[in-house]
Amino acid sequence: MTSFSGDLFDGRSSQAHPVSASLDGGQLHLTGEDIALVFSLEQIDIAPPVGAARGVVHLPEGRELHSIDLTALAALSQATATNRPERWARHLESRLGYALVALLVSVLVMFAGLRWGVPAVAQLAAHTLPAGLERNIGEESLSLMDKFSLSPSRLPLSRQRTLTQQLAAQCRKQACPPHQLLFRNSTLFGANAMALPGGAIVVTDALVGLALNNTELIAVIAHELGHVAHRHSLRLALQSIGAGVILVAVTGDIGSVTDLAAGLPSLLLQKGYSRDMEREADAYALAWLNTACIPPRHFADILGRLDKDTTDSTTLLDSHPGTHQRLEPFLVPHLCS
Ligand SMILES: [Zn+2]
């Protein structure tokens, strides 16, 4: 039998009632002046004492038994634990339930993190990384593409120069992100245009061949300027490293610029930009063309032709199942004074 003394609080007033407590026959007996209480061990809870403080036994109806006899309380605690295996089982079960819920939540958070978090962090990282680093990635990508998938343009220099001058003239009239217009020949990329990190815009000979006039090409380039302005290709490259992008965002340090640059050409070719990115670039192009007083339908014209002309999977339209829907805003007659 364990006996000890303590103070009973009735849960209604702050007055302490001295009692003697005893553990007898699986019950806790409390006796004192006008006090005779008996509790089964199922009814009581023992709060572990902190430091040298008093231990507290929680009793039904808000009563509390405080005692400084920590040895006796430890014995009481042991008795309640061994006396109530079913309670511990319940406790464990509830813990298992918590664990399963926690596991489910972790999986959902991880999924959401990869689905939405990584693109969001990539966007953040793309806008905080120094421009010099972005340019490096772009230059590396271009030199790799020049080695493996692009060859020098066969377009007459005069045509290249005219297009460059027409674009430059527009960019004197309205804001354009820093860019560089480049012409290349490529069987792999077909009729295409690509915006690389740092602002290099590569236009293929096949795309120029498909255009009825330079205005159509300027319209496509306006769309690429949208990709440049929003740093889409850098975001695409950063997204490809998945959760690693969080490290980049936090430390601002890209482990290997070469790795990111090496992956970009195939990302652009096979995966392409997300639909959201294309919508952003389209919105940019529409506003840009309207400001330039260039009828936006030129963009719809050449992309429509590209859609019909497509024989392989390497076009500007790859990531757009709904080309017509996408081009609709460009067909609205534009108002230009
Ligand atoms: Zn695009």
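Just so it is clear, the structure is predicted and the values come from calculations on it, not from any experiment. Along each chain, residue indices are assigned from 1 in the same order as the chain's sequence is written. Where totals are concerned, whole chains, interfaces and linings use all residues; where local detail is concerned, this predicted model gives features only for residues with pLDDT of at least 70, and gives and counts side-chain atom pairs only at 80 or more. Side-chain metrics in this entry use all non-hydrogen atoms of the structure; hydrogen atoms and water are not considered.

1. Considering the packing of aromatic side chains
Here is step 1: For this analysis, a ring pair means two rings from Phe, Tyr or Trp (six-membered ring only for Trp) whose centres lie within 6.5 Å, classed as stacked if their planes differ by under 30 degrees, edge-to-face if by over 60, and tilted for the remaining angles. Tallied over the entire structure, the rule returns 1 aromatic pair.
Here is step 2: Ring plane angle 40 degrees and centroid distance 4.5 Å describe the contact between F299 and F330, whose orientation is recorded as tilted. With F299 in helix α11 (residues 297–309) and F330 in helix α12 (residues 323–331), this residue pair connects regions lying 31 residues apart in the sequence. Accessibility assignment for this pair places F299 and F330 in one class, buried. For helices the rule is a DSSP run of H or I covering at least 4 residues; for strands it is a run of E covering at least 2, with both sets numbered from the N terminus onward. For each residue, the accessible area found with a 1.4 Å probe, counting protein chains only, is set against the maximum for its type, and the residue is called buried under 20%, exposed over 50%, and partly exposed in between.

2. Quick look at the UniProt feature "transmembrane region" (unreviewed entry) in the chain
Here is step 1: UniProt positions are given in the numbering used here, feature names are shortened, and annotations may be inferred rather than shown by experiment. In the numbering used here, UniProt assigns the feature "transmembrane region" (unreviewed entry) to residues 96–118.
Here is step 2: As annotated, residues 96–118 comprises 100% helix and 0% strand, and the C-alpha atoms at either end are separated by 31 Å.

3. A word on the coordination of the zinc ion
Here is step 1: Water is not part of the atom set, so a site may look incomplete; the donors themselves are N, O and S atoms within 2.8 Å of the metal, or 3.2 Å for Na, K and Ca. Those protein atoms acting as donors to the zinc ion are H223 (NE2), H227 (NE2), E278 (OE) and E278 (OE), and they sit at 2.1 to 2.7 Å.
Here is step 2: Every geometry call rests on angle ranges, with four donors termed tetrahedral when all angles are between 85 and 135 degrees, four termed square planar and six termed octahedral when opposite donors are over 155 degrees apart and all others are between 65 and 115, and everything else termed irregular. Viewed at the metal, the 4 donor atoms of the zinc ion are separated by angles of 52 to 138 degrees, and the geometry they form is irregular.
Here is step 3: Counting residues between consecutive donors of the zinc ion along the chain gives the motif H-x3-H-x50-E. Here H227 and H223 lie together in helix α6 (residues 214–229), a separation of 4 residues that amounts to about one turn.

4. A look at the state of the cysteines
Here is step 1: What counts as a disulfide here is a pair of cysteine sulfur atoms lying within 2.5 Å. This model, assessed by the stated rule, comprises 1 disulfide.
Here is step 2: Each sulfur of the disulfide joining C171 and C176 lies 2.0 Å from the other. As the torsion about the S-S bond is roughly -90 degrees, the C171-C176 disulfide counts as left-handed.

5. Section: the packing of α6 against helix α10 (residues 275–291)
Here is step 1: Each axis is a line fitted through C-alpha atoms, taken for helices only over the stretch in contact, and angles between the N-to-C directions span 0 to 180 degrees. Relative to each other, α6 and α10 sit at 125 degrees, their axes nearing to 7 Å. Comparing their axes, α10 and α6 come out oblique. Remark: the crossing between α6 and α10 carries right-handed chirality. From α6, I218, A219, A222, H223, L225, G226, H227 and A229 reach across to α10, where they touch M277, E278, A281, D282, Y284, A285, W288 and L289.
Here is step 2: Each residue receives one of three labels: charged for Asp, Glu, Lys and Arg, nonpolar for Ala, Val, Leu, Ile, Met, Phe, Trp, Tyr, Cys and Pro, and polar for the others, Gly being one of them. When the residues that make up the contact of α6 with α10 are grouped by side-chain class, the tally is 11 nonpolar, 3 polar and 2 charged. Roughly parallel here means an angle under 35 degrees, roughly antiparallel means over 145, roughly perpendicular means 65 to 115, and every remaining angle is called oblique. By definition, any crossing whose near helix is turned counterclockwise from its far helix by less than a right angle is left-handed, and any crossing with a clockwise turn is right-handed. Contact criterion: two residues are considered in contact whenever any of their non-hydrogen atoms come within 4.5 Å of each other.

6. Considering the pairing of strand β11 (residues 200–204)
Note on strand geometry: in a regular strand, side chains alternate between the two faces of the sheet.
Here is step 1: Among the 5 residues of β11, 5 are classified as buried, and the element is accordingly described as predominantly covered.
Here is step 2: The alternating pattern of β11 places A200, V202 and T204 on one face and I201 and V203 on the opposite face, and all of these are buried.
Here is step 3: A pair of strands is labelled paired if DSSP reports no fewer than 2 bridges between them. Of the strand pairs in this sheet, strand β9 (residues 180–185) and β11 are connected by 5 bridges, and their pairing is parallel. Bridge pairing in β11 links F183 to V203.
Here is step 4: Across 3 bridges, strand β10 (residues 193–195) lies against β11 in antiparallel orientation. Within the sheet, the bridge partner assigned to A193 lies in β11 and is V203.
Here is step 5: The hairpin formed by β10 and β11 contains 4 residues between the paired strands, and G198 there has a positive phi angle of roughly 95 degrees.

7. Considering the pattern of salt bridges
Here is step 1: Salt bridges are defined as contacts in which a side-chain nitrogen from Lys or Arg sits within 4 Å of a carboxyl oxygen from Asp or Glu. Taken as a whole, this structure holds 10 salt bridges when the rule is applied.
Here is step 2: Here R63 ties to E61 by a salt bridge, and the two come within 3.3 Å at their closest N and O atoms.
Here is step 3: Within this structure, E278, D282 and R326 form a network of salt bridges that share partners.

8. Some remarks on the packing of helix α4 (residues 157–173) against α6
Here is step 1: With their axes 10 Å apart at the nearest point, α4 and α6 run at an angle of 55 degrees to one another. With respect to α6, the axis of α4 lies oblique. Crossing handedness for the pair α4 and α6: right-handed. In contact with R159, T162, L163, Q166 and L167 of α4, α6 contributes N214, L217, I218, I221 and L225.

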